[in-house]
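Topology and contacts: notes
These are the residues of each chain, in order.
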Amino acid sequence: MHELSVAHALVETVTSAVAANDGEPGRVREVHLRVGELSGVVPDALFFCYDIATMGTALEGSALVVERVPVAGRCDMCGVDAAVNGAVRFVCPICGGPLGALSGGRELEISHVVLDDAPVAVTS
Amino acid sequence: MTRIVELRRGLLEKNDELAGKLRAAYGEAGVHVANWVSAPGTGKTALLEALLRCARNRGLAVAALVGDCATDNDAQRLGRSGAAVRQIVTDGMCHLEADLVGRHLDGWDLTALDLLVVENVGNLVCPTAFDLGEELRVVLLSVTEGEDKPVKYPQLFHSSDLVVITKTDIAQAVEWDRAAAYDAIRAVNPDVEVVETSARKGTGINALLNLHLAAPAAHPVPR
C-alpha cells in the first residue's frame, strides 16, 4: 500500500508545477494521470488515498482521472510492435518470441491538470 | 474560467531526482550498490549475512542498509559479520525511498567501500516503483514460495537485473520444481541472470558476490 506515498508525491508535484506556471495556484478541478500496468501502482488504492492526501491543499475537492497504459514492446524475432494483454507473459502474441525493450507499461506520470482560475478582482 | 495545463511530469519525480543524485555519487565513489527485494521470509538477511562474511574473507569493504517496518534486529544480527550496518526503520512504511537511503548514508565514506547492499522492506509490490539509485536490482525467491511467483508479481521481476533463488538446501524436501520456476522467471524477464544459493550450506555465495561486483558502474536507465 505505497499509494499514499504516491498520492503525497502527486500533491507536491502538482502544487509546485501549478504555482510555477502562473504564480497563483487557483483551484485544481481535475488531475489526469497515466499509469502503466507495470508501474506497480493500483488505481483503486490511489483513488482511496487521494481525498486524504489532498485535504487542506490546492487539490482538495479535485477529481482524479486515471488512464491505464498497457504493456507494449517490440518483438525481437518478428519485429512486430505488440501490446501484451493481461501483462503477465512478455512474449509476442504472433510468434511467441520474447519482447525486447518495452515501449509502454512503466508510465507513472501526470499528463495534465484542469484548473478553475480564481475569480479576478474587479476594481472600479 | 477553466483551463488545461499540460504537465507531463513523472509522479515520483522527486524520488527519481534524488535517486539520480545517489547514482552519480555511487559512480563517483566507485562503489557497487544493490537493492535487494523479496517477500518477507525469503531469507534476505541470512543470505546477506553469508555474503558479508564472504566479502570480508576476500578483503572487500562492504556495508549494508537494512529496511524494516520496526526493530533493529536485522542490523544487530548483520553487525556480527563485522561489516558496517545501519538499520532504516520505516515506521510502518512498506518500501524504501531514495530520500530515506540518502539520509542513512550520512557520515559513511563511500569511496572506502567496494559494495553497499540495501535490503528493502519485505514486499514484492511497493518497492517496484521506487528507484534507490542502485545499479543492480536484485529480487530473491525462495524454493518454499511457489514457482509461479514471478508471474504473480511481474512488475518487480520484470524490473530486476538479477534473480536469486534461496534455500536450495531444502529444495528436494519441498519438491521445488526448478523448470517451472525458471519458466515463470523467463516469462516476465527473458534475459535476466539467475543464481541459486543456500546461505546455510554456503552454496552460490561467491558467485553472487561476483555478480554484484561485475555490475556496471551506473545503471543506464532509471526505472
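Checked against the element boundaries, A:Gly40 lands in the loop between strand E1 (27–36) and helix H2 (43–54). The buried category is assigned to A:Gly40, whose relative accessible area is 8%. A C-alpha to C-alpha distance of 13 Å links A:Gly40 and A:Gly104, two positions 64 residues apart in sequence. When near neighbours in sequence (up to four residues on either side) are disregarded, A:Gly40 contacts A:His2, A:Glu3, B:Val125 and B:Gln155.

By the element assignment, B:Leu7 lies in strand E1 (residues 2–10). Between the alpha carbons of B:Leu7 and B:Leu156 there is a distance of 27 Å; along the sequence they are 149 residues apart.

Let us look at the nonpolar core. Residues A:Leu10, A:Val14, A:Val31, A:Leu33, A:Leu59, A:Ile110 and A:Val113 are the most contacted members of the largest nonpolar core, which totals 29 residues. Among the secondary structure elements, those contributing two or more residues to this core are helix H1 (3–22), E1, H2 and strand E6 (108–116) of chain A together with E1 of chain B. Of the residues forming this core, the biggest block, eight residues, is contributed by H1(A).

A few words now on the interface of chain B and chain A. Note: interface size is frequently given as the accessible area lost on complex formation between the parts. Opposite the 31 residues of chain B that make contact, chain A presents 35 residues. Each partner contributes to the roughly 3000 Å² buried at the junction of chain B and chain A, and carbon and sulfur atoms together form 60% of this total. By the criterion of area lost to chain A, the three top residues of chain B are B:Arg3, B:Leu7 and B:Leu11, representing 25% of everything that side buries. At the boundary of chain B with chain A, the tally comes to two salt bridges. With a shortest N-O distance of 3.7 Å, B:Arg8 and A:Glu109 are connected by a salt bridge. At the boundary of chain B with chain A, the tally comes to 12 residue pairs in polar contact (both at pLDDT 80 or more).

Here the focus is the sheet that holds strand E7 (residues 162–166) of chain B. All names here are of chain B. A sheet is described by the order of its strands in space; here seven strands give the open sequence E4-E3-E5-E2-E6-E7-E8, paired in parallel fashion. Both outer strands of the open sheet, strand E4 (84–89) and strand E8 (193–196), are each paired with one neighbouring strand and no more. Across the sheet, the mean angle separating the axes of adjacent strands is 20° when strand polarity is ignored. Helix H7 (residues 178–188) contacts E7 and E8 of the sheet and is inclined by roughly 150° relative to E8.

Before going further, it helps to examine unusual backbone geometry. Residue and element names in this part refer to chain B. In this model, Arg8 sits at a positive phi of 45°, which is unusual for a non-glycine residue. Of note, Glu175 is a non-glycine position whose phi angle comes to about 55°, a positive value. Take Glu175: it is sitting in the loop between E7 and H7. Glu175 sits in the exposed class, given a relative accessible area of 68%.

In total, this model carries 16 salt bridges over all chains according to the counting rule given. In this structure, the salt-bridge partner of B:Arg137 is B:Glu134, at a minimum N-O distance of 3.2 Å. When its relative accessible area of 1% is taken as the criterion, B:Glu134 is described as buried. A single salt-bridge network, built from bridges that share partners, covers A:Arg34, A:Glu67, A:Glu109, B:Glu6 and B:Arg8.

Bringing the packing of helix H2 (residues 44–57) of chain B against helix H8 (residues 205–214) of chain B into the picture now. Residues and elements named next belong to chain B. Running from N to C, H2 and H8 point in directions that differ by 75°, and their axes come no closer than 10 Å. Judged by the angle between their axes, H2 and H8 are roughly perpendicular. Residues Leu47, Ala50, Leu51, Cys54 and Ala55 of H2 lie in contact with H8, whose contacting residues are Ile205, Asn206, Leu208 and Leu209. The residue makeup of the contact of H2 with H8, split by class, is eight nonpolar, one polar and no charged.

As a further point, take the state of the cysteines. According to the stated counting rule, one finds zero disulfides over all chains in the structure shown. Unpaired in this structure, A:Cys49 has its nearest cysteine sulfur neighbour in B:Cys94, at a distance of 10.0 Å.

The subject of this paragraph is the environment of B:Asp109. Residues and elements named next belong to chain B. Looking at where Asp109 falls in the secondary structure, it is placed in the loop between helix H4 (98–104) and strand E5 (115–119). Take Asp109: its relative accessible area is 47%, and that puts it in the partly exposed class. Along the backbone, Asp109 and Ala29 are 80 residues apart, and their C-alpha atoms lie at a distance of 8.7 Å. Among the polar contacts listed, one links the side chain of Asp109 to the side chain of Thr111, at a separation of 2.5 Å.

Moving on: H8(B). Residue and element names in this part refer to chain B. Every buried residue of H8 is listed here: Ile205, Leu208, Leu209 and His212. Along H8, the residues classed as buried sweep out an arc of 95° about the axis, all on the same side. Contacts from the buried residues of H8 go to strand E2 (32–37), H2, E5, strand E6 (136–142), E7 and E8.

Spatially, four strands are ordered E2(A)-E1(A)-E6(A)-E1(B) in an open sheet, and the strand pairing comes out mixed. On the outer flanks of this sheet lie strand E2 (63–69) of chain A together with E1 of chain B, each paired with one strand and no other. Averaged over all pairs of adjacent strands, the angle between their axes in this sheet comes to 20°, without regard to strand direction. Of the strand pairs in this sheet, E1(A) and E6(A) are connected by eight bridges, and their pairing is antiparallel. From the neighbouring strand, A:Val31 faces E6(A), where its bridge partner is A:Val113. Where H2(A) meets the sheet, it contacts E1 and E2 of chain A, and its direction lies at approximately 165° from that of E2(A).

About the cut-offs
- Residues numbered from 1 in each chain as written.
- Chains lettered and ligands numbered in written order.
- Predicted model: local features only at pLDDT ≥ 70, side-chain atom pairs only at ≥ 80, totals over all residues.
- Heavy atoms only, no water.
- Helix = DSSP H or I, 4+ residues; strand = E, 2+ residues; numbered from the N terminus.
- Buried < 20%, exposed > 50% of the residue type's maximum accessible area, 1.4 Å probe, protein only.
- Contact = heavy atoms within 4.5 Å.
- Core = buried A, V, L, I, M, F, W, Y, C linked by side-chain atoms within 4.5 Å.
- Buried area = accessible area lost by both parts, 1.4 Å probe.
- Salt bridge = Lys/Arg side-chain N within 4 Å of Asp/Glu carboxyl O.
- Polar contact = N/O pair within 3.5 Å; in protein donor to acceptor, adjacent residues only side chain to side chain.
- Pairing = 2+ DSSP bridges.
- Axes fitted to C-alpha atoms, helices over the stretch in contact; angles between N-to-C directions.
- Parallel < 35°, antiparallel > 145°, perpendicular 65-115°, else oblique.
- Nonpolar A, V, L, I, M, F, W, Y, C, P; charged D, E, K, R; others polar.
- Disulfide = S-S within 2.5 Å.
- Arc of directions from axis to C-beta.

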